[in-house]
Structures are given as structure tokens and as C-alpha cells.
Amino acid sequence: IAGITQAPTSQILAAGRRMTLRCTQDMRHNAMYWYRQDLGLGLRLIHYSNTAGTTGKGEVPDGYSVSRANTDDFPLTLASAVPSQTSVYFCASSALGLAREQFFGPGTRLTVL
Amino acid sequence: GESVGLHLPTLSVQEGDNSIINCAYSNSASDYFIWYKQESGKGPQFIIDIRSNMDKRQGQRVTVLLNKTVKHLSLQIAATQPGDSAVYFCAENMGSSYKLIFGSGTRLLVRP
């Protein structure tokens, strides 16, 4: 692994289903982030984690949850997906204190029907 | 409130010409202003940043200019190449914060 990996690459999901997007980094970065990117728009922060064991809410946290059991993994869970959660989801990481220089994964394209 | 925005949604330039991508910001308290590049189907990639106490910073073929008087940020790309075709986002960050506030992006198209 080099950098950040995300899985799955894309997913079509029925409304009401539960879904976990996976994110793993191998850079030993303390901080990790989840963003969503809607068509034609910039990125909006969903949740973040400054270090293993801690998480925080971003700009658009409703309907999403995260956990940070260790340094490398930062899964994002949609407990009951809704069509408005159709988006491209990006995971990112940064060294602690260097949030301005984030390293992004390739993204997960999620469609909720 | 805090916001970062862009003047031009799409910029088309001839290969070899210089490109200038502009951005307006509203939060004077930001410590850093950053440019990210996003190629089609990929995640954003950090290009360059500038601290708020500077007005110019140069990288490889890129220069970022910061005008705090009018709250304006620009990214200049010299000798634009086809590989520069992408969406460019400006963002701002307070050094002590986890937050990156992104603008809505400008698409750069490079004509051969």
C-alpha cells in the first residue's frame, strides 16, 4: 500500500441499507478526514479524527458515523442510506498540525436509490 | 461567515501559455491559503500553499499570489501543459485547526 486506499471504488445502494466505506493509510498520519463532493461543488467535511481514539464532527455530519480504532483505518458508516447521500466520498490524511497539506484517496462513488 | 470562492468556473488556455486561476476569500483570520488540483476521477492533490504573512510564493512552474488588501488569491501556472488540465480548488486553513475550507473549483482546459 502506498498512500491512502479506499473501498469500494463504487457502490449502488438501496435506500435504508447500511453501508461502510473503508479507508486505510500507510503514512502513519495522525489526522484523517472524510469529505463528500457533490457534482460541481467543492469538498465538504463530514467527520475527522486528529488521532486514534478521537473523532469530531465536520460541516455535514448528520447521517454518518466514524470510528478510529487505530492509526491506519478510518471507516465511514451510513446507518440508513438516503438518496441525498449520493455523492463521491474522499478520505484524506495529514500529519498532525499540517491540515493544510492533506493526502487524498481515490474516492468512492456512492449512489443511493 | 467563512467562505472561499472562485471568479471563473472554467478557464481555457492554449498549451504553452500561462494560466491564472483566481479565488476570493472572506476570512481574514486564516493562516494559510492553499491550492489543490483534482484530475478527473481522482482525489485532490496538494499543489502549494502560502502563509498569510507572505504575498508571493513560487514552486515548480507555479506561483501563488496573495493580496490581503482585496482578499484575493491567485495561482499562476507557467507554460501550461496538457497534464495541467484539471479542476483547481483554493482552500484556507487556520494553522491550529483541522479544517480546510474549500472553494467550489475552477476547471482548467488546455487546448493543444
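Scroll up a little and you will see the structure.
Everything quoted here is computed from the prediction, not taken from an experiment.

Student: Looking at this model, I keep getting lost on the interface of chain B and chain A. Mind explaining?
Tutor: Interface size, as often reported, equals the accessible area lost upon joining of the parts. Taken residue by residue, the interface counts 19 residues in chain B and 20 residues in chain A. Per-residue buried area on chain B facing chain A is highest for P44(B), Y98(B) and F102(B); these three make up 38% of the total on that side. For the pair chain B and chain A, the number of links is 1 salt bridge. Within the residue set of the side of chain B that touches chain A, elements represented by two or more residues are β4 (32-38), β5 (45-51) and β9 (86-93) of chain B. Considering every element that reaches the side of chain B that touches chain A, the biggest residue donor is β4(B), with 4 residues. Per-class residue counts for the side of chain B that touches chain A are 9 nonpolar, 8 polar and 2 charged.

Student: For this particular structure, what's the right way to read the state of the cysteines?
Tutor: What is meant by a disulfide is a covalent connection between two cysteines, made through their sulfur atoms. In total, this model carries 2 disulfides over all chains according to the counting rule given. One disulfide bridge connects C23(A) with C91(A), the sulfur atoms lying 1.9 Å from each other. Handedness of the C23(A)-C91(A) disulfide follows from its S-S torsion of about -70°: it is left-handed. Of this pair, C23(A) sits in strand β3 (residues 19-25) while C91(A) sits in strand β9 (residues 87-94); the two residues are 68 residues apart in sequence, bridging distant segments of the chain. Taken individually, C23(A) and C91(A) each receive the classification buried, so the pair is uniform in this respect. Paired through a disulfide, C23(B) and C90(B) show a sulfur-sulfur distance of 1.9 Å. Across the S-S bond of C23(B) and C90(B) the torsion is about 60°, and the bridge reads as right-handed. Within this pair, whereas C23(B) is found in strand β3 (residues 19-25), its partner C90(B) is found in strand β9, the two being separated by 67 residues in sequence. On the accessibility criterion, C23(B) (1% relative accessible area) is buried.

Student: Honestly, the pattern of salt bridges in this entry has me stumped. Any pointers?
Tutor: Working definition: two side chains of opposite charge can pair if their charged atoms are close together. All chains considered together, the criterion is met by 6 salt bridges over all chains. Ionic pairing is found between D38(A) and R44(A), a salt bridge with its closest N-O pair at 2.6 Å. D38(A) sits in the buried class, given a relative accessible area of 14%. Its relative accessible area of 28% is what places R44(A) among the partly exposed residues. The partner of D49(B) in a salt bridge is R57(B), and the shortest N-O contact between them spans 2.5 Å. Judged by its relative accessible area of 35%, R57(B) is partly exposed.

What counts, and where the lines are drawn
- Residues numbered from 1 in each chain as written.
- Chains lettered and ligands numbered in written order.
- Predicted model: local features only at pLDDT ≥ 70, side-chain atom pairs only at ≥ 80, totals over all residues.
- Heavy atoms only, no water.
- Contact = heavy atoms within 4.5 Å.
- Buried area = accessible area lost by both parts, 1.4 Å probe.
- Salt bridge = Lys/Arg side-chain N within 4 Å of Asp/Glu carboxyl O.
- Helix = DSSP H or I, 4+ residues; strand = E, 2+ residues; numbered from the N terminus.
- Nonpolar A, V, L, I, M, F, W, Y, C, P; charged D, E, K, R; others polar.
- Disulfide = S-S within 2.5 Å.
- Buried < 20%, exposed > 50% of the residue type's maximum accessible area, 1.4 Å probe, protein only.

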